[in-house]
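# Remarks on the overall topology
Listed below are the residues making up each chain.
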Amino acid sequence: MNDVIDRLARLTPSPSTSATEDAAADLRRGHRALSRRRIKRAALGGAALTLAVGGAFSGIALTSGNDGAPTVQAADNVRLVDYDGTQMPGFTVAKVPEGFVLQGSDQYVLAVARPDDDTTVSDFRDKIVVTLETTASGTQDPANTTVGGQPATLVTTPDGATMLKYAYRDFTVVIQMWNTIHLTDEQLVEFAEGVEVTADAKPSVG
Amino acid sequence: MRRSQDAEFEAFVRRHRAPLVGTARLLTAGDAHLAEDLVQSTLVKVYLAWGRASQHPAAYARRTLVNCLTDHRRRPFFRREQGAVTLPEAPVEDPAMVDPELVAALAELPPRQRAAVVLRHVHDLSVEEVADALSCSTGTVKSQTARGLDKLRALLTPTQLTGDSR
């Protein structure tokens, strides 16, 4: 059974490269990228400052009550809201956690994240992600809830993330919620019931 | 300050570039040119983020490499030009690849599953290190790796001919 593992272990390639020349070239590319970034930041700096000052005044107006005390939303009190923004190829959603947006998608994954999250879609931390698996690779855990009347499995991973799996047409939908997002199990099921899989989506496991 | 960072970065590149290219070649299923492009992009990003990357630069570079590959696959030109399902013959031409059949089988895995298998079993990273590189949970790494190995075994097992023994 370990034949494939042994063959993989022997794969370790060691391309012949000129380390010194490559390192110098990589450093030059780094310098150029740094210069480009500085130029871009300098150009955007004025506009950003203007927005920041404007935003600060707006923020004060929006978060101050009549008594002048700022209103702070409890981190644990996340609620689901209807999503009326642009949908992404692969998956559509009816609801998202308040303050979250569809960060992006491809044929394998849809990521729901906070608006200031600048990580790539394939980074699952601090997000809810929706993926597809082939039914053959489906869950071994027994169903303990339902999504749209169909049996579903809700488990907590060793990392504290919550994973919801349920059959959808010929596939298994897998929704993973990172442990920094505090939707209840019922809310996660409600989120799942608003997810539609389009023809663009492909299983990431199979 | 910048000069000392440059020296640290250069030392890192001298030590880790070749393994990184090796990883990239496996992640791209033997496409040496794409692997080199991805490594160059990765190292630029590592350089730009050296302040926070320098704590664990190898792990940061691996994570960035996987992200660069994912980003590359999302680009419109990649989607337009990937109509064929046949594997380019690059693995056979690449002398660094000692097992072209296995590399071809790796190419059949979905990208993240392939990355999990390569990082776990070729580079012998721990489940936690692979989870960090792929930005997912350790449970996901275990399931992706197990399924990837199953699929590789299925692909590499010769088809048994069945029939009458007469």
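Anything mentioned here points back to the structure above.
Residues numbered from 1 in each chain as written. Chains lettered and ligands numbered in written order. Predicted model: local features only at pLDDT ≥ 70, side-chain atom pairs only at ≥ 80, totals over all residues. Heavy atoms only, no water.

## Observations concerning the nonpolar core
To keep things clear, this is the line we draw: Among buried residues, those of type Ala, Val, Leu, Ile, Met, Phe, Trp, Tyr and Cys that are joined through side-chain atoms within 4.5 Å constitute a nonpolar core. Only protein chains enter the accessibility calculation, which uses a 1.4 Å probe. A residue is then buried if its area is under 20% of the maximum for its type, exposed if over 50%, and partly exposed in between. Runs of H or I in DSSP of at least four residues are treated as helices and runs of E of at least two as strands, each being numbered from the N terminus. Pairs of residues are marked as contacts when any of their non-hydrogen atoms sit within 4.5 Å.
Formed by 57 residues in total, the largest nonpolar core has its most connected members in A:Leu8, A:Leu11, B:Phe9, B:Val46, B:Leu106, B:Leu134 and B:Leu152. In terms of residue count, helix α1 (residues 2-27) of chain B provides more of this core than any other element does, eight residues in total. Setting aside residues no more than four positions away along its own chain, B:Leu134 makes contact with A:Ser122, B:Val66, B:Arg112, B:Ala115, B:Ala116 and B:Leu119. Grouped together as the second largest cluster of nonpolar side chains are 31 residues, A:Leu80, A:Ile175, A:Ile181 and A:Leu183 included.

## Describing the pairing of strand β10 (residues 171-177) of chain A
All names here are of chain A. Applicable threshold: Two strands are counted as paired when DSSP detects at least two bridges linking them.
With six of its seven residues buried, β10 lies for the most part within the structure. Where strand β6 (residues 128-134) meets β10, seven bridges bridge the pair, whose relative direction is antiparallel. Within β10, the position partnered with Val 130 by the bridge is Ile 175. In this sheet, β10 lies alongside strand β9 (residues 162-168) in antiparallel orientation, the contact comprising seven bridges.

## Side note on the interface of chain A and chain B
This is how the line gets drawn: Throughout, buried area stands for the accessible area (probe radius 1.4 Å) lost by two parts on being put together, summed over both. Definition used for salt bridges: Asp or Glu carboxyl oxygen within 4 Å of a side-chain nitrogen of Lys or Arg. Any N or O atom pair separated by 3.5 Å or less is treated as a polar contact, with the protein-specific requirement of one donor-capable and one acceptor-capable atom, and with residues adjacent in sequence counted only for side-chain atom pairs. When residues are grouped by polarity, Ala, Val, Leu, Ile, Met, Phe, Trp, Tyr, Cys and Pro land in nonpolar, Asp, Glu, Lys and Arg in charged, and all others, Gly among them, in polar.
At the interface, 52 residues of chain A touch 53 residues of chain B. Interface of chain A and chain B: buried area, both sides summed, is about 4,300 Å²; carbon and sulfur atoms make up 59% of it. On inspection of chain A and its partner chain B, the count reaches five salt bridges. We note a salt bridge from B:Arg153 to A:Asp3, for which the minimum N-O separation is 3.8 Å. Taken together, the links from chain A to chain B amount to nine residue pairs in polar contact (both at pLDDT 80 or more). Looking at the side of chain A that touches chain B, the elements with two or more residues in it are α1 (3-9), α2 (19-63) and β9 of chain A. Top contributing element to the side of chain A that touches chain B by residue count: α2(A), with 14 residues. The residue makeup of the side of chain A that touches chain B, split by class, is 22 nonpolar, 16 polar and 14 charged.

## Digging into unusual backbone geometry
All names here are of chain B. Of note, the phi angle at Asp 124 is positive, near 60 degrees, even though the residue is not glycine. Structurally, Asp 124 can be placed in the loop between α8 (111-122) and α9 (127-134). Residue classification places Asp 124 among the exposed positions, given a relative accessible area of 63%. Positive phi, close to 55 degrees, is recorded for Ser 135, a residue that is not glycine. Turning to its location among the elements, Ser 135 is positioned in the loop between α9 and α10 (138-156).

## Let's talk about the sheet that holds β9(A)
Residue and element names in this part refer to chain A. This is how the line gets drawn: Angular values range over 0 to 180 degrees, each being the angle between N-to-C directions of two axes fitted as lines to C-alpha atoms, with helices fitted over their stretch in contact.
Spatial strand order, β4-β5-β6-β10-β9-β8-β7: seven strands in an open sheet with antiparallel pairing. Each edge of the sheet is formed by a strand with only one pairing partner; in this case those strands are β4 (101-105) and β7 (145-147). Neighbour to neighbour, the strand axes of the sheet diverge by 30 degrees on average, direction disregarded. Strand direction decides the pairing type here: strand β5 (residues 109-113) and β6, joined by four bridges, are antiparallel. Each bridged residue has a counterpart across the sheet, and for Val 112 the counterpart in β6 is Ile 128.

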